[in-house]
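Each chain, letter by letter, is given below.
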Amino acid sequence: MSHRSHPPYRIGLRTVKTGLAVIIALLLDTQRPSAIPIFAAIGAIVVMSRTLSDAITAATTQLAGITCGALAGCLFTLLFPNDRYVAIGLGLILLIPICQPLRIGFAVPLTCIVFVSVCLYDPARGTPVAYAVNRFLDTSIGLAVGFAVNSVIKPYNNHALILRLFQEYLESYPPALSELLMQGHYPVLAPFETKMRRLHDEIRLFREQPFPNRRQRKAEAAYLEGCYQLAERMYLALSTLSGMDTLGVPCKRSCQRLCALGITLSAGEAPYPPLDENNTVFNYHLNTLLDARGFLIGLLQNAAPKQI
């Protein structure tokens, strides 16, 4: 029986930041009266996203959900003081559709949870209004602490990762061209599509990071998007070549450029091919791919990893 090897377990930086944020949030929240520390801890955990842009979205979701749910809960407990189950049922029927026009649809589940918890709060322990206010304060403390820790302690920067993905993408083309031109096998395009989706997602994350130095980050993101367009051009050219029923004969210039990639064609394929439509289309797309590859290499050489 073969045993699959597993990568060694390691504690990542975001895990450490989450633990630190929870400790600070609990220490701060317990200093005030009527605190419910669990909500401060939840706020600190929720906002500890991979990127600060995602952290802002998580914090907005939490605050919007708590505010709307708490206000609605206080209102319905006043309208139905003696029948909370009726208040909960009617409140949910009205609350869910209302959240959509207010553009807080992403916070609907949390809004409903907070609403129900306010309606079910034990009056012997205090008023629903006091509970709602305290829950809002507890969560706000956790969100503020979590966001501060996430943004101050080495915020996520995937610039070096993007450059490494581009390099891996470039390295995948010579074997594919060799397979196509020397062996006559059409390369599988799915891995190239996967690499491009990964590049697109990482560049989007890089562009949406608000801190630090937002203006410089946007300029660098535009540069990386230009690199991505060249990568896309390479893929389109390769997919066109792979879709040709009959491959043409590479011209002398194409053979010289392929030779620089370690792809040496036989002598019979290398000289001047006849100027027919098939050979013209073939050489056009092949040189489009090689041109885009050369431009991309040049751009990446000027995009050395940096702390942005």
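Residues numbered from 1 in each chain as written. Predicted model: local features only at pLDDT ≥ 70, side-chain atom pairs only at ≥ 80, totals over all residues. Heavy atoms only, no water.

Looking at the overall build of the protein chain
For the protein chain, the count of helices and strands is 12 helices and 0 strands. In the protein chain, the succession of helices and strands from N to C terminus is α-α-α-α-α-α-α-α-α-α-α-α. The buried share of the protein chain, reckoned over its 308 residues, is 41%. Counting only contacts in the protein chain whose residues sit at least 6 apart along the sequence, the fraction spanning at least 24 positions is 77%. About 17,100 Å² of surface is accessible on the protein chain, with carbon and sulfur atoms providing 63% of the total. (Helix = DSSP H or I, 4+ residues; strand = E, 2+ residues; numbered from the N terminus. Buried < 20%, exposed > 50% of the residue type's maximum accessible area, 1.4 Å probe, protein only. Contact = heavy atoms within 4.5 Å. Areas by Shrake-Rupley, 256 points an atom, 1.4 Å probe, with all protein chains shown as cover.)

Describing the pattern of salt bridges
Using the criterion set out here, one finds 7 salt bridges in the structure. The salt bridge partner of Arg-32 is Asp-29, with a shortest N-O separation of 3.3 Å. Taking relative accessible area as the criterion, Asp-29 reaches 0% and is therefore assigned buried. Note that Asp-291 is salt-bridged to Arg-253, the shortest N-O span being 4.0 Å. One end of the pair, Asp-291, is in helix α12 (residues 277-301); the other, Arg-253, is in helix α11 (residues 252-260), and 38 residues separate them in sequence. Given the relative accessible area of 29%, Asp-291 is considered partly exposed. The exposure class assigned to Arg-253 is partly exposed, which follows from its relative accessible area of 45%. (Salt bridge = Lys/Arg side-chain N within 4 Å of Asp/Glu carboxyl O.)

Describing helix α6 (residues 128-152)
An ideal rise of 1.5 Å per residue puts 36 Å on 25 residues; α6 measures up with 36 Å between its terminal C-alpha atoms. Remark: Lys-154 follows α6 within two positions and exhibits a positive phi of approximately 40°. (Expected span 1.5 Å × (residues − 1).)

A look at unusual backbone geometry
Positive phi values are uncommon outside glycine, yet Ser-34 reaches one of about 60°. Looking at where Ser-34 falls in the secondary structure, it is placed in the loop between α1 (13-29) and α2 (37-46).

Some thoughts on the packing of aromatic side chains
Throughout the structure, instances matching the rule amount to 5 aromatic pairs. On the basis of an interplanar angle of 15° and a centroid distance of 6.3 Å, the ring pair of Phe-76 and Phe-80 is categorised as stacked. With relative accessibility at 10%, the residue Phe-76 sits in the buried group. Given the relative accessible area of 26%, Phe-80 is considered partly exposed. Ring centres of Tyr-121 and Tyr-131 lie 4.3 Å apart, and the angle between their planes is 20°; on these two criteria the pair is classed as stacked. Placement of Tyr-121 in the loop between α5 (108-119) and α6 and of Tyr-131 in helix α6 is noted, with a sequence separation of 10 residues between them. For Tyr-121, a relative accessible area of 14% translates into the label buried. An aromatic cluster of three or more residues is present, and its members are Phe-76, Phe-80 and Phe-115. In this structure, Arg-135 is placed above the aromatic ring of Phe-39, and the distance from its NZ or CZ to the ring centre is 4.0 Å. Between the NZ or CZ atom of Arg-217 and the centre of the ring of Phe-206, over which it lies, the distance is 4.5 Å. (Phe/Tyr/Trp six-rings, centres within 6.5 Å; stacked < 30°, edge-to-face > 60°. Lys NZ or Arg CZ within 6 Å of the ring centre and 35° of its normal.)

Worth remembering: the numbers are spatial, not functional.
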